[in-house]
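If you want the building blocks of each chain, they are given just below.
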Amino acid sequence: MDTSTTAMENTHLKHQISAVIFDLDGTLLNTEDVTKYIRKKFLAKYGKVQDSEKEKKRFGMTFKESVIATLKEYDLPLTPEQYVQEILSMCRGTWLLAKPLPGANRLMRHLHKHGVPFALASNSLTKNIDEKISHHDGWKECFTLILGSDQIKSGKPSPDIYLEAAKRMGVDSSCCLVIEDSIVGVKAGKAAGMKVVAVPSLQNDSDSYSIADSILHSLLELQPEEWGLPQFEDWVGNALPIEPIYLSGVFSNGLLRICEDNKLPVLPGQIWGLYFGWAKFDAQKVLKAVISVGWCPGGCGSQRKIQLCLINENHNDHYHDQKMQLLLVGYLGRSFTAGNRLDSLDVVDEDKVCADAALNLPAFSNKLCASFFNFKENAQE
């Protein structure tokens, strides 16, 4: 991590954390992108165009607040009850598309293994929370407690939901660590007297999260030992095995242009940093690769920059403008040194050497890669 955080990290250690409280949407699950996709389709039915600024204001709202704001801001000819009925019928068939965000499963498994209690406290309704997490094996059973906004007096940014979670778990609020993606959630956690880690869904707004005790690009960057919790033991040198991330696109001038299907974003905002994995061009062998994922400088908030470097290939330009598939299987520790920057890191020789060695190990085997590529190719036929 950035050395400027050393003093802050020492402060963390003065407060022994004994319980963790997660937000759900945009923190553990990529439901924000799914919901945005659903709302875009819904608004189009009524001749409305989704407005990015209006959508940003909705992040972190309770379900009730979101309903009222949507009807007013888009001037929809519906009662709140009619809106809820229509939007939920669309959501329930689509929430299963929401995937765990990078590092979410890893962190929950780690806490569960070491007997650290963790709760879920969301501004969503409890029934909607249950629906969202029902698609993920073992999630519901792992949480010590699940709280929705309908179980407390006031939703975030009020501290009520976090104070109630601590009370029910029998833990002092000062010993709780909150993990949030929204500004209203961060405010709620701080108002409850808890330590707060922010993992912003909107990375280009990360400066707005300054009241958080720590700001991360993704949960992959979380170091539990900074909070007095057991440290991870799954690093392989400077490489971390991750749940595979599949991408496809066109390789041009050292960059990967992702193929979008005009539905859901391929990469959630929390994917940032140095990754490595296996690349396959049409009718070509599988190659080792390092990629750097960042955001374009100059305020292009929605534009991702994905630099790709093929390992042990002397002429990357040989693949210029070719279609390719990419399976990311690992994350490089040098990403930790970047602080809160948003632009992509340059891939250096150190990264290539580390990735090259890691990809020779069973933890990052191309056996999974081969079967995954075959599956994707068959699915597209």
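Heads up: the structure comes first, above all this text.
None of these values were measured; they are calculated from a predicted model.

When the charged atoms of two side chains with opposite charge come close together, those side chains can pair. Going through the model one piece at a time under the given rule, you end up with 13 salt bridges. Across the pair Asp-23 and Lys-156 runs a salt bridge, and its minimum N-O distance is 3.0 Å. Taken together, the positions of Asp-23 in the loop between strand E1 (19–22) and helix H2 (31–45) and Lys-156 in the loop between strand E3 (145–147) and helix H9 (160–169) put the pair 133 residues apart, joining distant regions of the chain. On the accessibility criterion, Asp-23 (6% relative accessible area) is buried. Classification of Lys-156 as buried rests on a relative accessible area of 2%. Two residues, Lys-132 and Asp-25, come together in a salt bridge whose shortest N-O distance is 2.9 Å. Of this pair, Lys-132 sits in helix H7 (residues 126–133) while Asp-25 sits in the loop between E1 and H2, placing them 107 residues apart in sequence. In this structure Lys-132 comes out as buried when scored by relative accessible area, which is 5%. Salt bridges linked by common partners bring Asp-23, Lys-156 and Glu-180 together as one network.

Right, let's get into the packing of helix H4 (residues 63–73) against helix H5 (residues 80–91). Put simply, H4 and H5 touch, their axes get as near as 10 Å, and they point 110° apart. By the angle between their axes, H4 is roughly perpendicular relative to H5. Facing Phe-63, Val-67, Thr-70 and Leu-71 of H4, the residues of H5 in contact are Pro-80, Tyr-83, Val-84, Ile-87 and Leu-88. The class makeup of the residues in the contact of H4 with H5 is eight nonpolar, one polar and no charged.

Within the secondary structure, Arg-304 is located in strand E11 (residues 304–310). For the buried Arg-304, no salt bridge exists, and the shortest N-O distance to an oppositely charged side chain is 7.6 Å, to Asp-33. Engagement of the side chain of Arg-304 in a polar contact is seen with the backbone oxygen of Pro-268, the distance being 3.1 Å. Here the side chain of Arg-304 touches Ile-271 through a polar contact of 2.2 Å, landing on its backbone oxygen. When neighbours within four sequence positions are excluded, Arg-304 is seen to be in contact with Leu-267, Pro-268, Gly-269, Ile-271, Trp-272, Val-293, Gly-294, Trp-295 and Cys-296.

This part is about the packing of aromatic side chains. What the rule picks out here adds up to eleven aromatic pairs. With a centroid separation of 5.9 Å and an interplanar angle of 90°, the aromatic rings of Phe-22 and Phe-118 are classed as edge-to-face. Placement of Phe-22 in strand E1 and of Phe-118 in strand E2 (residues 118–121) is noted, with a sequence separation of 96 residues between them. For the pair Phe-22 and Phe-118, a shared accessibility class is recorded, and that class is buried. Ring geometry for Tyr-331 and Phe-336: centres 6.2 Å apart, planes at 55°, overall tilted. The pair formed by Tyr-331 and Phe-336 is uniform in burial state, with each residue classed as buried. In textbook terms, an aromatic cluster arises when at least three aromatic residues are bridged by ring pairs, as seen for Trp-235, Tyr-275, Tyr-331 and Phe-336. We note Arg-106 situated over the ring of Phe-232; from NZ or CZ to the ring centre the distance is 3.5 Å.

Here we come to the nonpolar core. Soluble globular proteins tend to bury their nonpolar side chains together. Within the largest apolar cluster, 28 residues are counted, with the highest numbers of intra-cluster contacts made by Val-20, Phe-22, Leu-28, Leu-120, Phe-143 and Ile-179. Elements represented by at least two residues in this core include exactly E1, helix H6 (104–113), E2, H7 and strand E4 (176–180). It is H6 that contributes the most residues to this core, four residues altogether. In this structure Phe-22 touches Leu-28, Leu-107, Met-108, Leu-111, Phe-118, Ala-119, Leu-120, Ala-121, Phe-143 and Ile-179, once residues within four positions along its chain are discounted.

What counts and how
Residues numbered from 1 in each chain as written. Predicted model: local features only at pLDDT ≥ 70, side-chain atom pairs only at ≥ 80, totals over all residues. Heavy atoms only, no water. Salt bridge = Lys/Arg side-chain N within 4 Å of Asp/Glu carboxyl O. Helix = DSSP H or I, 4+ residues; strand = E, 2+ residues; numbered from the N terminus. Buried < 20%, exposed > 50% of the residue type's maximum accessible area, 1.4 Å probe, protein only. Axes fitted to C-alpha atoms, helices over the stretch in contact; angles between N-to-C directions. Parallel < 35°, antiparallel > 145°, perpendicular 65-115°, else oblique. Contact = heavy atoms within 4.5 Å. Nonpolar A, V, L, I, M, F, W, Y, C, P; charged D, E, K, R; others polar. Lys, Arg positive; Asp, Glu negative; His and termini not counted. Polar contact = N/O pair within 3.5 Å; in protein donor to acceptor, adjacent residues only side chain to side chain. Phe/Tyr/Trp six-rings, centres within 6.5 Å; stacked < 30°, edge-to-face > 60°. Lys NZ or Arg CZ within 6 Å of the ring centre and 35° of its normal. Core = buried A, V, L, I, M, F, W, Y, C linked by side-chain atoms within 4.5 Å.

Purely geometric stuff here, so don't read any function into it on its own.
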